[in-house]
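# Descriptive structure summary
Given next are the chains, with one letter for each unit.
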There are 4 protein chains.
Amino acid sequence: MKLTGIIAYPITPFSFSGECIDFPVLGRCLEQLINAGSDAIAPLGSTGESAYLSQKEWEAVAAYTVELVANRVPVVVGISEITTSQAVNKAKYAESIGADAVMVIPVSYWKLTDQEIFDYYQEISNVISIPIMVYNNPATGGVDISPELLVKMFYEIDNVKMVKESTGDIQRMHKLFELSNGELPFFNGSNTLALEALCAGASGWCTAAPNLLDQQPKNLYESVARGDLSAAQTIFYQQLPMLRFIVSGNLPRAIKAGLKLRGIDAGGPRKPLRGSQPEEDALLQSLMKVG
Amino acid sequence: MKLTGIIAYPITPFSFSGECIDFPVLGRCLEQLINAGSDAIAPLGSTGESAYLSQKEWEAVAAYTVELVANRVPVVVGISEITTSQAVNKAKYAESIGADAVMVIPVSYWKLTDQEIFDYYQEISNVISIPIMVYNNPATGGVDISPELLVKMFYEIDNVKMVKESTGDIQRMHKLFELSNGELPFFNGSNTLALEALCAGASGWCTAAPNLLDQQPKNLYESVARGDLSAAQTIFYQQLPMLRFIVSGNLPRAIKAGLKLRGIDAGGPRKPLRGSQPEEDALLQSLMKVG
Amino acid sequence: MKLTGIIAYPITPFSFSGECIDFPVLGRCLEQLINAGSDAIAPLGSTGESAYLSQKEWEAVAAYTVELVANRVPVVVGISEITTSQAVNKAKYAESIGADAVMVIPVSYWKLTDQEIFDYYQEISNVISIPIMVYNNPATGGVDISPELLVKMFYEIDNVKMVKESTGDIQRMHKLFELSNGELPFFNGSNTLALEALCAGASGWCTAAPNLLDQQPKNLYESVARGDLSAAQTIFYQQLPMLRFIVSGNLPRAIKAGLKLRGIDAGGPRKPLRGSQPEEDALLQSLMKVG
Amino acid sequence: MKLTGIIAYPITPFSFSGECIDFPVLGRCLEQLINAGSDAIAPLGSTGESAYLSQKEWEAVAAYTVELVANRVPVVVGISEITTSQAVNKAKYAESIGADAVMVIPVSYWKLTDQEIFDYYQEISNVISIPIMVYNNPATGGVDISPELLVKMFYEIDNVKMVKESTGDIQRMHKLFELSNGELPFFNGSNTLALEALCAGASGWCTAAPNLLDQQPKNLYESVARGDLSAAQTIFYQQLPMLRFIVSGNLPRAIKAGLKLRGIDAGGPRKPLRGSQPEEDALLQSLMKVG
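Conventions adopted
- Residues numbered from 1 in each chain as written.
- Chains lettered and ligands numbered in written order.
- Predicted model: local features only at pLDDT ≥ 70, side-chain atom pairs only at ≥ 80, totals over all residues.
- Helix = DSSP H or I, 4+ residues; strand = E, 2+ residues; numbered from the N terminus.
- Buried ≥ 20, exposed ≤ 12 C-beta atoms within 10 Å, placed from the backbone.
- Expected span 1.5 Å × (residues − 1).
- Bend = angle between axes of the 7 residues up to and from the residue.
- Least-squares fit on C-alpha atoms with pLDDT ≥ 70 in both.
- Contact = placed C-beta atoms within 7 Å.
- Nonpolar A, V, L, I, M, F, W, Y, C, P; charged D, E, K, R; others polar.
- Pairing = 2+ DSSP bridges.

### Here we look at the environment of Ala70 of chain A
Residue and element names in this part refer to chain A. Turning to its location among the elements, Ala70 is positioned in the loop between helix 2 (55-69) and strand 3 (76-81). Using a count of 10 C-beta atoms within 10 Å as the deciding quantity, one classes Ala70 as exposed. Between the C-alpha atoms of Ala70 and Ser276, which are 206 residues apart in sequence, the distance is 33 Å.

And the structure:
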């Protein structure tokens, strides 16, 4: 499996009370992302509120997604766990149900040393045979993985095959490129950096934006891929206000609010997260018209 | 209950494999903290690896501690949960077993708004009748609660009765004092700020240091309380190297390493956290001699 | 000369157009600071707009101040220069007119290495025989001098005799104390940290506050010095709103505005700095009543 | 005048003692930059140690440069002054000797408010009729000018015609583009961001790199301009190690060291800045071979 392009992140829909997962709505969301030309589907990421689900819920969403996508595109299952043993368990489960890869972010309470981070991924790699995408996002997970460590893990841990970089710092991508002589595939996870990351050599863009912008993110990827920088600029600046909006609060709130405006009621995010407020809905409505 | 003085944090000991809690060792640790003159015991805090335990383990530690302390001093049970519903469940459990108070830190994946933080504490307060200590520690929990919000919750949420401030920023304590006209009891949770926090009016010091320094933290508190600033300075600078050491990595690692040097084998912290390395043990040994 | 206590900072008054220095008003300000019980006077500091004056103006203010103070208290002349040669020239001049000490901050455009900072002070020390107070204030000068370097310069450069620490980070003071075994006299330059710095062992407090608060800063110093922590807390919290106000914008603007309310027209700060706005004056008026 | 492309920054060479400007060497440097295809020459920038020169030296360098360049390309003279009146004087002088534009950075001691920054540029604009490039570089000047204020000044102050953005934050450039609908010409001043800034729509790249890399920066600009993204990536990653090196310390030190390796002795930077150390020279030598 060689991933490139748009890796799309579905939300996890809840029924009104927030207690049950609404699988029919999840199905609609997944179909819409596939229709938007997504090159892979990544359930249970930050957008999917992975960290807020019980073990059973997480398993149910993973299994449902793999089954529904049915190999039309690869499925990359997200894991965000504080303990190594829980992360290991989820990785094994993901492989067992037929996931194509796992995307793993080490959530922290106490900050982790480089050795602790390395061991965390090593132990996960030891128990599975599908690829691992290392996900670096200190703003959510609380752990910052340096480019040097990312490249080291790529070369030294068997199943570490790619990186999702979400710090928003383009210099990190430069470093990944240089330290691996362009060998380590890195994906951009910072929405407002999409144009520049692709220009700097990113393999693709991990994003929840297709939930609201359909094929526009894919269009940006393709215009850069074919070297049409002028078109890429135009496409990027068109969607930038929406990209900025969805990352200004938290992604689940913004995407769920946008889906509702599009006729899909996915409930709100799980408490303590709150759903969107009226002023956000109004702004979102205006952004969706423009897009 | 009006807390002042030293609130001491036990570790959670594991058997060698890291899988089981070692209750006899926990008992020894608790007795030692009581013998050190602690004014309260706070199991399942940051030092106690609260966030790394399963629900069942957490319950077992809470229950064991309340029973063993047996009202000799108050027990303040720590809760660090990402979802409101889990925090609510733990708070109810803590009250049910006879805890004197709960100390609650809202762990985040997505950052929380002020309203989300307020609602989180409000929902917990709604289901219990024991006091809540709001614990602010953005470095571990990922949420930063402003002094303004802390004071607002103190006045508006029934069971919010005190604050543990661990940012290490003394200006936050000034603000708490001013905004509440000195009414809101605040505790210092930043070990290397102990002297100044007490001088600025903190009600006490939440610390794991008594695990290794026995009565020295209490001596600092008492020297400030009786206005002997000269003695307080001397006592503080004596223990400062040790305080700096235990917060330089993570508290569970440092405290467990120190306990081992004192003859108590509490195992290592839970993975991905690693136990202390030989060079740390050597440094720790020298610090314990001095103290 | 062994300095302790309150080192007071006069403003540099300008005539209305901002082009000429108003020496009679400077004289009034200096007398007022001496009357407030200041233990030393430090013209041409941050408050004195040292960096905004021409060489000739700077010399005139220094000479006028030394003459008017006339050895009633020591005079510590401020130097904030980007080039070593200019700093050297000013240090020589200060000694030539009878200044008791110089306080030197290395203003930067390009950040300085530790060796560059060391050499800067060494060259100044080489040409004078009066004490140098090293002034660390990265927020204004753009250079951050670590505690380790401060202590090294204290021991290795002849005339470096004391430090003014203005980062507002109490841990820096702890380090100065520890690294020099309490030998290096350090002064606090962060107004809102005054209580804690003195409790942590600072030799004194460098402040412009006596311009508006008269003897209150001295009262704080003395209450800590005699070990009356309760009084110190009361005095500190009384003046804290004013201290916070004067550092919220820039000191020259705030102090000049306050002096005007007290009947002393010292003009505005030099452009591009602007004088206070009406809403600031109103707030200041209310703070002065309380003080 | 409509600037695009590479705006090249010469150093200011000093004779060995650092006291005199070496004009013949300056002449050689300027010729080399013109030969490298630079689209404009910008003396007295950060690289030119503008802030370290006396008024007379600054004037002499400006006049010499304008005369020697002799309209072959535009000359953009750098001004970095702490007081408005000094900046005004220099701007008038620059126009009087025939400079094509001025690039102005407001050096700070006390931080400036938006209104103070606006007035600073307004007063400069009032006395000249040549274009002003607003230079934002908080790391050196200590003032951070927001995209909102940059766009406001572009529309409201007559001679503000373009911006040099050196924060290294690509999001600032996005904002400049959006807030002005692409009307405000912005130049990139962060060397390691060159590829992405041009891809995001920058008019050009302000850089000292041509001193050591000759036509390579121009080649990058041109490959982006003609839409050859693949070539641009290759060219950028080739020069990135050198770009990173020259910004790792300070530009004058790095460029002067590199020129020496190329046979041009421009002396060291002015004290307190130190010249390069042997290990830096060795690294530089290896980077120049590769380039």
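### Section: helix 11 (residues 229-248) of chain D
Each α-helix winds once per 3.6 residues, and so residues spaced three or four apart point in a common direction. Residue and element names in this part refer to chain D. In this model, helix 11 (20 residues) spans 27 Å end to end at C-alpha, consistent with the 28 Å of a helix rising 1.5 Å per residue. At Leu240, helix 11 shows its maximal kink, close to 45 degrees; a proline, Pro241, follows between one and four residues later. Listed in full, the buried residues belonging to helix 11 are Leu229, Ala232, Gln233, Ile235, Phe236, Gln239, Met242, Leu243, Phe245 and Ile246.

### Re the relation of the copies chain B and chain C
When chain B is fitted to chain C, the best match, at an RMSD of 0.0 Å, comes from turning it 180 degrees and sliding it 0.0 Å along the axis. Such a turn and shift between the copies fits a two-fold axis. For chain B, the smallest separation between a C-alpha atom and the rotation axis is recorded for Glu196 of chain B, amounting to 2.6 Å. A shared binding surface is used by both copies, with 100% of the interface residues of chain B retained as interface residues in chain C.

### Some points on the interface of chain B and chain A
Contacts between chain B and chain A engage 25 residues on the former and 25 residues on the latter. Elements that contribute at least two residues to the side of chain B that touches chain A include exactly helix 3 (84-96) and helix 4 (114-127) of chain B. Broken down by element, the residue count for the side of chain B that touches chain A peaks at four residues, all from helix 4 of chain B. Counted by class, the side of chain B that touches chain A contains 11 nonpolar, eight polar and six charged residues.

### Some points on the interface of chain B and chain C
Across the contact, 20 residues belong to chain B and 20 residues belong to chain C. Taken together, the elements giving at least two residues each to the side of chain B that touches chain C come down to helix 7 (170-179), helix 8 (194-199) and helix 11 (229-248) of chain B. By residue class, the composition of the side of chain B that touches chain C is 10 nonpolar, seven polar and three charged.

### Observations concerning the arrangement of the chains
Across all C-alpha pairs, the smallest distance from chain A to chain C is 21 Å, and the two are not in contact. Kept free of each other, chain B and chain D leave a smallest C-alpha distance of 21 Å between them.

### So, unusual backbone geometry
Residues and elements named next belong to chain B. Geometrically, the link from Lys271 to Pro272 is a cis peptide bond, its omega value of 15 degrees lying close to zero. Mapped onto the elements of the fold, Pro272 is located in the loop between helix 12 (251-261) and helix 13 (278-290). Its identity is not glycine, yet Asn71 carries a phi of approximately 65 degrees, on the positive side. Among the structural elements, Asn71 can be located in the loop between helix 2 (55-69) and strand 3 (76-81). Residue classification places Asn71 among the exposed positions, given that 9 C-beta atoms sit within 10 Å.

### Examining the environment of Gln285 of chain C
With respect to the secondary-structure elements, Gln285 of chain C resides in helix 13 (residues 278-290). The exposure class of Gln285 of chain C is exposed, given the 12 C-beta atoms found within 10 Å.

### Examining the sheet that holds strand 6 (residues 160-165) of chain A
Residues and elements named next belong to chain A. What the eight strands build is an open sheet, ordered 2-1-8-7-6-5-4-3; its pairing is parallel. Only two strands of the sheet have a single partner each, and these edge strands are strand 2 (40-41) and strand 3. Sheet analysis places strand 1 (residues 5-8) next to strand 8 (residues 204-207), joined by four bridges and oriented parallel. By the bridge assignment for strand 8, Ala8 is matched with Thr207.

### Concerning the sheet that holds strand 4 (residues 101-106) of chain B
All names here are of chain B. As summarised here, the arrangement of the eight strands in space is 2-1-8-7-6-5-4-3, forming an open sheet in which the pairing is parallel. With one partner strand each, in any of the chains shown, strand 2 (40-41) and strand 3 form the two edges of the open sheet. Sheet topology note: the strand 7 (residues 186-188)/strand 8 (residues 204-207) ladder contains two bridges and is parallel. Counterpart to Asn188 in the pairing with strand 8 is Trp205.

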